[in-house]
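Structural overview for review
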Amino acid sequence: MTLPSVYYNNDPTSFAFSTCQKRWPTIVENMVNDIRQALVENCSSQDFLTQGETIFARLSQLLLDIRFDHAILPFEEPSVPGLASYDERIAKLETPPTWLTAPWLFSECYLYRRAHIAFVQQPLWKDYDVFNRLKQETFKSSEAGVVELAVRYQQLHAELQHEVSVESLKLLFREFADISLWGNATDLSLLANATLEDIKSVQGAEARKNSEKNILANDLDAAWDQLYNKAQDKAHRRVDIVLDNSGFEFYADLIFTLFLLDSKLVSKVVLHCKTIPWMVSDTMIKDYQITIDDLNSKEFFPTGREPLEFLARQLEQYKASGALELQDHEFWAAELDYWHIKPSETKYGGAEVHRELAKSDLVIFKGDLNYRKLTGDRKWPRDTPFITGIGDLASSGLKIWSLRTCKADVCCGLEKGKDEELSQIWRDQGNKVGELWCSSGKWAVMSFSNGQN
Ligand code: F6P
Ligand code: MG
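Fair warning: this is a prediction, and the values are worked out from it, not measured in the lab.

Reading guide: rules and limits
The numbering scheme is per chain: residues are counted from 1 as the chain's sequence reads. Starting at A for chains and at 1 for ligands, labels are handed out in the order in which the entities are written. Residues qualify for local features only when their pLDDT is at least 70, as the model is predicted, and side-chain atom pairs are given and counted only at 80 or more; totals for whole chains, interfaces and linings, by contrast, use all residues. We count a stretch as a helix when DSSP gives it H or I for four or more residues in a row; a strand needs E for two or more, and each element gets its number in order from the N terminus. Multiplying 1.5 Å by the helix residue count minus one yields the expected span of that helix. Whether a residue is buried, exposed or partly exposed follows from its count of other C-beta atoms within 10 Å of its own C-beta, namely 20 or more, 12 or fewer, or something in between, respectively; the C-beta atoms are built from the backbone. Throughout, the arc means that of the directions going from the helix axis to the C-beta atoms. Any residue pair is listed as a contact if its two C-beta atoms, each placed from the backbone, are within 7 Å. Here, axes are lines fitted to C-alpha atoms. For helices the fit covers the stretch in contact, and angles between N-to-C directions go from 0 to 180 degrees. Each angle gets one of four labels, with under 35 degrees taken as roughly parallel, over 145 as roughly antiparallel, 65 to 115 as roughly perpendicular, and the rest as oblique. Note on convention: near helix rotated counterclockwise from far helix by under a right angle means a left-handed crossing. Clockwise means right-handed. Residue classes follow a fixed rule: Ala, Val, Leu, Ile, Met, Phe, Trp, Tyr, Cys and Pro count as nonpolar, while Asp, Glu, Lys and Arg count as charged, and any other residue, Gly among them, counts as polar. Two strands are said to pair when DSSP picks up at least two bridges between them.

What about helix α13 (residues 305–321)?
In a regular helix each residue adds 1.5 Å, so 17 residues correspond to 24 Å; α13 covers 24 Å between its end C-alpha atoms and thus fits that length. Regarding α13, the residues found buried are Pro 307, Leu 308, Leu 311, Gln 314 and Leu 315. One side of α13 holds all its buried residues, which, seen down the axis, span an arc of 125°. Structural note: α13 exposes Glu 306, Gln 317, Ala 320 and Ser 321 on the side pointing more than 90 degrees away from its buried face. Against α6 (143–159), α11 (248–262), α12 (285–296) and β4 (324–328) lie the buried residues of α13. Trailing α13 by a residue or two, Gly 322 shows a phi angle of about 90°, which is positive.

Dropping the structure here:
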C-alpha cells in the first residue's frame, strides 16, 4: 500500500497553516513574557539574571526564525538526550526544512525541543518549566469542574464499597472514560484560540452529556471487552495511560485511575509522562506532586475542601503502595511517529517503550498529539479504518485505545460520508475550509485496536 503524505505547514487547507503562522508565534511570545516575569520576580541573583537574559535572547531569536521562515537546523548537541533522531531526519533531506514549509508533526515537535535547549544550557534554569505559570493559572480557574468531579468521585468511592454488578461496572467505566476523554478538550496550546470561558464550558457533567453525539467513532465496548474479558491474568489487570495535558485533563485521568483501582477492575495503573516542557500543557512527572499540592491547598482551591483532600489522600495511598506508578521516557518527546514503537527500533527508545506497554492489558493514549503520532499524521481518507491508519501498530500486540478530541486534520474510523456531512456543516457555519471541522475540538473519537490484526 502506498502511504498517504504527511501534513505540511504550507498547506492552506490544513490546520498546520494557521498553527505555524499564528499559534506558534503566540506560544513563543508567551514563553518570552514568562521569562520576563521570572526575571522580575527573582532579580536578586546576578547569575540567574544573566542566564535568564541568554534564554530570553534565544527565544526571541526563535520567534524571528518562525516569523521569517528561516531554516530548521540540526541541534548538534550530543550531550543533550533525545535530539539525535531530529538531526538524523534533517540530514536525510536535500535542503534544510524551513519553519513555514516543513512537515507539521516534525516541526512542531522540533519547536519544543529547540525552546528546551535554551534552558538546559543554563544551570540555574535547566529544570525551569516555562509553562508552569500558565498550567497553574488554568487549573485554578477550573475550580468549579474540579470540585464537581471530586464530589462525584467521593460518592462513587462509597458506592464501590458494596458489591457492584458487571453491568454497573461497565456503566461506570463508560462514565469515567468519558470524563477522561472530554478532559482533553482543555489543552492549553489552543488557548491562543479559546477563551477560559470556552474551556470551562466543556468541564461539567452537563457539557459531557451534550457532547455524547459528537463522539464519531466509539469503540468503548471493544476496549471494555479487552480489559474485562480478555486480560491475561484477571486478578492482576494493568492499564497504562500515555498522558497528555496537565491541569484539568490530568486531574480527569487521575480520577479515571482511582475508579479503575477502587473498583478492583485493575491492580495497577502506569502513567506515562513527558521528560521536558512539551506542547504547552503536557504532563511531566513533577506535575503529579504539584497537582496533589494544589488539591491540598485551601488557598488554591478554597471550595470543596473535604472531597479534594479525600481524593488527594487516595491517590497518595495508591502511589505509596505501587498500584499507581509514574514513568517518563525521552521517546514521548521525539518527533517520531508511534509506528516506531516496536522491538526492532533500538536507537531511539521505541523497543523499550514497546516492552513496557506490552505488559499492559489496555494502553490508553490521551489526546490529539498522541493520535497524530499513532496515525503518522498522514492524509488518510477519514473513512479509513483506525487499524489501517495506525500501520504496524495494529499487529504489534499492543492493546491500544485512543481517547482524543479532534484538534488536527488527521482522522480515521469515520462512517462513509460523515466527513463530507461535517465539512458541509462547518462551511454552512461560515468557515472557509469545511474539512477543518476536524481541528475545532468539538468532535471526538475513542478508537481501539487489539494489536492482533
Ligand atoms: O498544534 C498542534 C497540536 O498537536 C494540535 O493538534 C492540538 O491542538 C495541540 O497541538 C495539542 O493537543 P493535545 O494536547 O490534545 O495533544
Ligand atoms: Mg497536549
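What about the packing of helix α7 (residues 166–183) against α11?
Contact pair α7 / α11: the axes reach a minimum separation of 7 Å and the direction vectors enclose 165°. The orientation of α7 relative to α11 falls into the category roughly antiparallel. Where α7 crosses over α11, the handedness of that crossing is left-handed. Listed contacts from α11 to Leu 172, Phe 176, Ala 177, Ile 179, Ser 180 and Gly 183 of α7 are Phe 248, Glu 249, Ala 252, Asp 253, Ile 255, Phe 256 and Phe 259. Across the contact of α7 with α11, the residue classes break down as nine nonpolar, two polar and two charged.

Topic: the environment of Glu 435
Of note, Glu 435 is situated in the loop between α17 (418–428) and β7 (444–449). For the pair Glu 435 and Val 32, spaced 403 residues apart in sequence, the C-alpha separation works out to 33 Å. If sequence neighbours within four positions are ignored, Glu 435 has contacts with Thr 13 and Ser 423.

Things to note about the pairing of strand β6 (residues 400–405)
In terms of burial, β6 is largely enclosed, as six of its six residues are buried. Every second residue of β6 is oriented toward a common face, with Ile 400, Ser 402 and Arg 404 on one face and Trp 401, Leu 403 and Thr 405 on the other, all of them buried. Bridge count between strand β5 (residues 362–366) and β6: four bridges; the pairing is parallel. Paired with Ile 364 across the two strands is Trp 401, which belongs to β6. Where β6 and β7 come together, six bridges link them in antiparallel fashion. Paired with Leu 403 across the bridge in β7 is Met 446.

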